[in-house]
Amino acid sequence: MTTTLHSPPVASLLTHLFADARKTDAAVLAPFSALPAEERRARLDNDPRAFYASVAEAYLPVSEKLGQLLYALTRARRARTVVEFGTSFGISTVHLAAALRDGGGGRIITTEYEASKVRRAKEHLTQAGLVDLVEFRVGDALETLRTDVPDGIDLVLFDGAKPLYLPLLRLLEPKLGPGALLVADNVKMSPAFAAHLARPEHGYVTVPLPWEDDDCLFAVRAA
Ligand SMILES: C[S@@+](CC[C@H](N)C(=O)[O-])C[C@H]1O[C@@H](n2cnc3c(N)ncnc32)[C@H](O)[C@@H]1O
């Protein structure tokens with residue numbers, strides 16, 4: 001028996017997308033990577049909209065490991081409702097949607113600034129045979145997720161502009177179901193978000209994922 005994640009159309013699409021991402025991102029991000037660390041940090045923190053527009057050709061995907069974890073968590077949670085902040089070209093969305101398919105269905109609401117990225121993400125989800133599970137919202141997540149988000153969210157992936165992690169969490173908190181799962185990538189760049197989750201009175205149990213090449217945080221809404 002094979003999962004949707006490992007089935008031929010999805011597995012070969014992901015192999016191709018990860019390979020293209022390695023090649024494309026190295027080229028697109030080269031000028032940014034050449035800047036001093038402080039300058040890179042300032043660009044990301046001060047004007048994330050301009051930063052993401054300047055690298056709109058880059059995938060900036062989750063790692064293969066994090067993709068596998070997203071699939072596993074979505075299945076384990078028996079998720080029906082998933083929210084994703086940061087669609088890009090849809091690599092993480094494919095993992096989440098494959099898990100929903102294997103778990104019996106559901107809906108991913110995913111949101112992205114760049115309309116050109118959403119077009120490509122839709123193509124990828126269509127190639128994977130998973131597009132029916134995904135609702136794409138184009139625009140700033142703080143606006144696109146302000147309305148029409150159902151109660152009882154099972155899992156949220158935070159993978160967009162880091163200064164928005166905490167405001168978005170606050171926006172979505174009333175909609176989180178008991179035991180909801182949160183996964184945040186590059187969380188060191190969002191210390192206020194990590195600090196909010198770490199305070200016992202906020203009701204989360206958090207686990208940093210100890211991956212040397214990535215800084216992800218996993219949290220459960222436990223109370
Ligand atoms: C790290 S990439 C997402 C990668 C994607 N999750 C994947 O694994 O393929 C971040 C994306 O979030 C988008 N983004 C950043 N801030 C956003 C915001 N405030 N609203 C909507 N999209 C945003 C960027 O344009 C970029 O494409």
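Residues numbered from 1 in each chain as written. Predicted model: local features only at pLDDT ≥ 70, side-chain atom pairs only at ≥ 80, totals over all residues. Heavy atoms only, no water.

As recorded in an unreviewed UniProt entry, the protein goes by Class I SAM-dependent methyltransferase and comes from Corallococcus macrosporus.

### Examining the site of the ligand
In the neighbourhood of the ligand, 22 residues make up the surrounding shell, with G86, S92, E112, K117 and D159 lying closest. One of the side-chain nitrogen or oxygen atoms of K117 is found 2.9 Å away from an oxygen atom of the ligand. Within the backbone of G139, an N or O atom sits 3.5 Å from a nitrogen atom of the ligand. Contact with the protein chains removes 99% of the 610 Å² of surface that the ligand exposes when unbound. Taking a 2 Å distance to the grid points as the criterion, the majority of the atoms of the ligand fall inside the largest pocket. When contributions to the shell around the ligand are tallied by element, the ones reaching two or more residues are β1 (81–85) and α5 (91–102). Residue composition of the shell around the ligand, grouped by class: 11 nonpolar, 6 polar and 5 charged. (Near = heavy atom within 4 Å. Polar contact = N/O pair within 3.5 Å; in protein donor to acceptor, adjacent residues only side chain to side chain. Areas by Shrake-Rupley, 256 points an atom, 1.4 Å probe, with all protein chains shown as cover. 1 Å grid on protein atoms, 1.4 Å probe; cavity = no way out; pocket = protein on both sides within 12 Å on 5 of 7 lines; lining within 4 Å. Sits in = over half its atoms within 2 Å of the grid points. Helix = DSSP H or I, 4+ residues; strand = E, 2+ residues; numbered from the N terminus. Nonpolar A, V, L, I, M, F, W, Y, C, P; charged D, E, K, R; others polar.)

### Description of the side chain of S92
Along the chain, the position of S92 falls in helix α5. Classification of S92 by relative accessible area gives buried; the value is 4%. Side chain to side chain, S92 and E84 meet in a polar contact 2.4 Å long. Filtering out sequence-adjacent residues up to four positions away, S92 remains in contact with V62, L70, E84, G86 and L157. (Buried < 20%, exposed > 50% of the residue type's maximum accessible area, 1.4 Å probe, protein only. Contact = heavy atoms within 4.5 Å.)

### Focus: the sheet that holds β1
Strands sit in the order β3-β2-β1-β4-β5-β7-β6 across an open sheet of 7 strands; the sheet is mixed. A strand with exactly one partner marks an edge of an open sheet, and here the two such strands are β3 (134–138) and β6 (204–209). Going across the sheet, the axis of each strand differs from the next one's by a mean of 15°, ignoring polarity. Inspection of the sheet shows strand β4 (residues 153–158) paired to strand β5 (residues 176–184) by 5 bridges, in the parallel sense. Paired with I153 across the strands is L176, a residue of β5. Relative to β3, helix α6 (residues 115–127) is tilted by about 170°, and along the sheet it contacts β2 (107–112) and β3. Along the sheet, helix α8 (residues 165–172) contacts β1, β4, β5 and β6; its crossing angle with β4, the most-contacted strand, is approximately 170°. (Pairing = 2+ DSSP bridges. Axes fitted to C-alpha atoms, helices over the stretch in contact; angles between N-to-C directions.)

### Regarding helix α1 (residues 8–33)
With 26 residues, α1 extends 35 Å between its outermost C-alpha atoms, agreeing within 8% with the 38 Å of an ideal straight helix rising 1.5 Å per residue. Restricting attention to buried positions, one finds in α1 the residues V10, L13, L14, L17, F18, D20, A21, D25, L29 and F32. Those residues of α1 hidden inside the fold are in contact with α2 (37–46), α3 (48–54), α4 (64–76), α5 and α6. (Expected span 1.5 Å × (residues − 1).)

### Brief notes about the layout of surface pockets
By volume, the largest pocket amounts to about 960 Å³. L60, P61, D159, K162 and N186 are the residues nearest the centre of the largest pocket, which is lined by 44 residues in total. Looking at the lining of the largest pocket, the elements that each hand over two or more residues are α1, α2, α3, α5 and β2. Per-element tally for the lining of the largest pocket: the top contributor is α1, with 6 residues. (Points joined across faces, edges and corners; volume = space filled by probe spheres on them.)

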